[in-house]
Amino acid sequence: MVLNDINEEGLEETTKMVKSKFGSEVLPIKADVSIGDEVNQMRKKAFSTFDNIFVLVNNAGGGVSSFKNILARTEEDWHKILDINLKSQWLMAKAFCRKMKPQKFEPISGKVINMASIAGVRPEAQTPVYSIAKAGIIALTKILAAQLAPKMTVNSIAPGYHITGLYNNSEQALKDAMEVQGIKTPLNRLGTVEDVSKVAVFLASPLSDFITAQNIVVDGGVITVGVAAHL
Ligand SMILES: NC(=O)c1ccc[n+]([C@@H]2O[C@H](COP(=O)([O-])OP(=O)(O)OC[C@H]3O[C@@H](n4cnc5c(N)ncnc54)[C@H](O)[C@@H]3O)[C@@H](O)[C@H]2O)c1
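To keep things clear, this report deals only with the structure shown in the data block. Nothing here was measured: the structure is a model prediction, and the numbers come from that model.

1. Brief notes about the site of the ligand
Ala 60, Gly 61, Ser 117, Thr 164 and Gly 165 are the nearest of the 22 residues found near the ligand. Residue assignment for the shell around the ligand shows that the elements contributing at least two residues are β1 (2–5) and α3 (75–100).

2. Focus on the packing of helix α2 (residues 36–49) against α3
Running from N to C, α2 and α3 point in directions that differ by 30°, and their axes come no closer than 9 Å. For the element pair α2 / α3, the angle class is roughly parallel. Here α2 runs over α3; the crossing is right-handed. Between α2 and α3, the contacting residues are Gly 36, Val 39, Asn 40, Arg 43 and Phe 47 on the first element and Leu 91, Met 92, Ala 95, Phe 96 and Lys 99 on the second.

3. Some remarks on the nonpolar core
Counting residues in hydrophobic clusters, the biggest one holds 36 residues, and the most contacted among them are Met 92, Phe 96, Cys 97 and Val 112. Elements that contribute at least two residues to this core include exactly α2, α3, β4 (110–115), α4 (128–148), β5 (152–159) and α6 (193–204). When residues in this core are grouped by element, the largest group, 10 residues, is from α3. With near-sequence residues (within four places) excluded, Phe 96 lies in contact with Arg 43, Ile 53 and Leu 56.

4. A word on the pairing of strand β2 (residues 27–30)
With four bridges joining them, β1 and β2 adopt parallel strand pairing. Its bridge partner being in β2, Asp 5 is matched across the sheet by Lys 30.

5. Thoughts on the sheet that holds β4
Within a sheet, each strand pairs with its neighbour through backbone hydrogen bonds, oriented either parallel or antiparallel. Judged by pairing direction, the sheet is parallel, and its four strands sit side by side in the order β3-β4-β5-β6 without closing on themselves. The sheet is open, and its two edges are formed by β3 (55–58) and β6 (215–218), each paired on a single side. Taking each pair of neighbouring strands and ignoring which way they run, the sheet shows an average axis angle of 20°. Judged from the six bridges that link them, β4 and β5 form a sheet pairing that is parallel. Each bridged residue has a counterpart across the sheet, and for Met 115 the counterpart in β5 is Ile 157. Each of β3, β4 and β5 is contacted by α3, which is oriented at about 175° to β3, the strand it contacts most. Packed on one face of the sheet, α4 meets β4, β5 and β6 and runs near 165° to β5.

Rules of the game
Residues numbered from 1 in each chain as written. Predicted model: local features only at pLDDT ≥ 70, side-chain atom pairs only at ≥ 80, totals over all residues. Near = placed C-beta within 6 Å. Helix = DSSP H or I, 4+ residues; strand = E, 2+ residues; numbered from the N terminus. Axes fitted to C-alpha atoms, helices over the stretch in contact; angles between N-to-C directions. Parallel < 35°, antiparallel > 145°, perpendicular 65-115°, else oblique. Left-handed = near helix turned anticlockwise from the far one by under 90°. Contact = placed C-beta atoms within 7 Å. Core = buried A, V, L, I, M, F, W, Y, C linked by C-beta atoms within 7 Å. Buried ≥ 20, exposed ≤ 12 C-beta atoms within 10 Å, placed from the backbone. Pairing = 2+ DSSP bridges.

Structural data, given as structure tokens:
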């Protein structure tokens, strides 16, 4: 397994955890996925260590925290948020899919899982550039799926509100962010990391071999069911 993050400490911690829990061979690579040269270096290291990459998970993202409307955003904000969330996934697909598509696995030679967000399905006024980036990921996913069929599957996941590093792993910070936006969850609890990772495991497995170009919403019903009052 190749693990990537820009945060060296977190990368080391996750590498240790994966090695001790699963005994897998892990190649940690510190790289900024919004920079083409760093992505290409990562591809070289990955394919010189392993003879194939079957699943590419584009999960890096962020820049959601400062709630400012679209007209108040700076050009710097625009570039930073689009680069981390959207350009990164395009760069990673460009670098890795050319090598993954000709792999000899049957019936599918490789799978891509892109992390989108419900903000890309129902844009949020308070996180406008992030919403635009995540909507772009859903479009990128469909374009890649068409380009890489029939050999590869490409799908995205759109999480809702989950306790992660995005909210400093704090239940309270997440609840506060939801309150500011008037969000209620019909399934009456906060999202977890596992809610999302279970769907990623499904998309990485043969159980999903006939699914491509889809965006799977994992949000406890927030955007579809709407405002059932809970939490
Ligand atoms: N937590 C949620 O509720 C939620 C909701 C919708 C979507 N998402 C998406 O889920 C994905 C994972 O986020 P998370 O919630 O686990 O937050 P997180 O902050 O815990 O994880 C994001 C990781 O991306 C890394 N990263 C950021 N920029 C990078 C770069 N340029 N290069 C390499 N690594 C970089 C960070 O260091 C961090 O480890 C993101 O794409 C996020 O937008 C999260």
